[in-house]
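# Chains, contacts and geometry: an overview
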Amino acid sequence: IIDKKTNKCNRLLEWSICFAYECNGFLKPCLDSQGEAIVIDEPINPFVHSSPPKPKQKLSVHTVPPDSTDVHGITDDFLFGNDEGEKGRPKLEYCAPNFSTVYDCVRSLFSEPVLKSGDIPIILVLHNAKFDIGFLNHECETWELPLIESIFSVVDTLKLAEKVFRKAELNGSYSLDSLYEYGKEKYPELINHID
């Protein structure tokens, strides 16, 4: 999370969630009435504060580093709705909300009594969960919000893949792309092709 060049905290810039349910041992996407997968894909603007900045925010980067923009295409102007991002990101019609706003919206989705009771587990499935949870929890601490594990149980598909597969089976990589390609080749009947 600490940028080695600037010694400042990098910040979360986007939170994407695909909702799914377990069916016969497989995760199936939740679909809306048009048959489309239900997803949240919300950019997060760490440079907008709804309250005075906390000490961690003061230690944060004050602009999106160019080397990270090369990876995800998010720029300062994109987050403020002033311009398109890079890598085909269309211009936002609004200034992206801060993490606290997005976090509250996500939490509200899981506020039904049946979900709060724990009778239906709410599981966050991540590939390399340690990295993602580190970023999410850093934002939670910055905004003085409950940590992610207070809402979700966490499953790390990277750790699962390392237990199930030899690296050589996956062309030397445990990446999601390698796992997808392996599944397409070995179990084509179980993979929906979305190339």
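Residues numbered from 1 in each chain as written. Predicted model: local features only at pLDDT ≥ 70, side-chain atom pairs only at ≥ 80, totals over all residues. Heavy atoms only, no water.

## Quick word on a nonpolar patch on the surface
On the surface, Phe26, Tyr187 and Leu190 cluster together into a nonpolar patch covering about 310 Å² of accessible area. Along the chain, phenylalanine 26 turns up in strand β3 (residues 26–29). Given a relative accessible area of 42%, phenylalanine 26 falls into the partly exposed group. (Patch = residues over 30% accessible without salt bridge, like charges linked within 9 Å, V, L, I, M, F, W, Y side chains within 5 Å. Areas by Shrake-Rupley, 256 points an atom, 1.4 Å probe, with all protein chains shown as cover. Salt bridge = Lys/Arg side-chain N within 4 Å of Asp/Glu carboxyl O. Helix = DSSP H or I, 4+ residues; strand = E, 2+ residues; numbered from the N terminus. Buried < 20%, exposed > 50% of the residue type's maximum accessible area, 1.4 Å probe, protein only.)

## Here's the deal with helix α4 (residues 99–109)
Along an α-helix, a turn takes 3.6 residues, which lines up residues three or four apart on a common side. Looking only at α4, the buried set comprises Phe99, Ser100, Val102, Tyr103 and Val106. Buried residues in α4, looked at end-on, bunch into an arc of 160 degrees, giving them a common side. Contacts from the buried residues of α4 go to β1 (14–18), β4 (39–43) and α6 (129–142). Sitting at the head of α4, asparagine 98 places a side-chain oxygen 3.2 Å from the backbone nitrogen of serine 100. (Arc of directions from axis to C-beta. Contact = heavy atoms within 4.5 Å. Polar contact = N/O pair within 3.5 Å; in protein donor to acceptor, adjacent residues only side chain to side chain.)

## Regarding the packing of aromatic side chains
Considering all chains together, one arrives at four aromatic pairs under this definition. With a centroid separation of 5.7 Å and an interplanar angle of 15 degrees, the aromatic rings of tryptophan 15 and phenylalanine 99 are classed as stacked. Taken together, the positions of tryptophan 15 in strand β1 and phenylalanine 99 in helix α4 put the pair 84 residues apart, joining distant regions of the chain. The exposure classification of tryptophan 15 matches that of phenylalanine 99, with both residues buried. Taking the centre distance of 5.6 Å and the plane angle of 45 degrees together, the rings of phenylalanine 99 and tyrosine 103 count as tilted. Taken together, the residues span about one helical turn, with phenylalanine 99 and tyrosine 103 both in helix α4 at a distance of four residues. Three or more aromatic residues joined by ring pairs make a cluster, and in this case those are Trp15, Phe99 and Tyr103. (Phe/Tyr/Trp six-rings, centres within 6.5 Å; stacked < 30°, edge-to-face > 60°.)

## What about the pattern of salt bridges?
Tallying each qualifying case throughout the model produces four salt bridges. As a salt-bridge pair, glutamate 14 and arginine 89 come within 2.8 Å of each other at their nearest N and O atoms. Here arginine 89 lies in the loop between α3 (76–79) and α4 and glutamate 14 lies in strand β1, a separation of 75 residues in the sequence. Since its relative accessible area comes to 24%, glutamate 14 is described here as partly exposed. Put simply, glutamate 181 and lysine 184 hold a salt bridge, and the shortest N to O gap is 3.6 Å. Placement of the pair is glutamate 181 and lysine 184 together in helix α8 (residues 176–186), with a separation of three residues, close to one helical turn.

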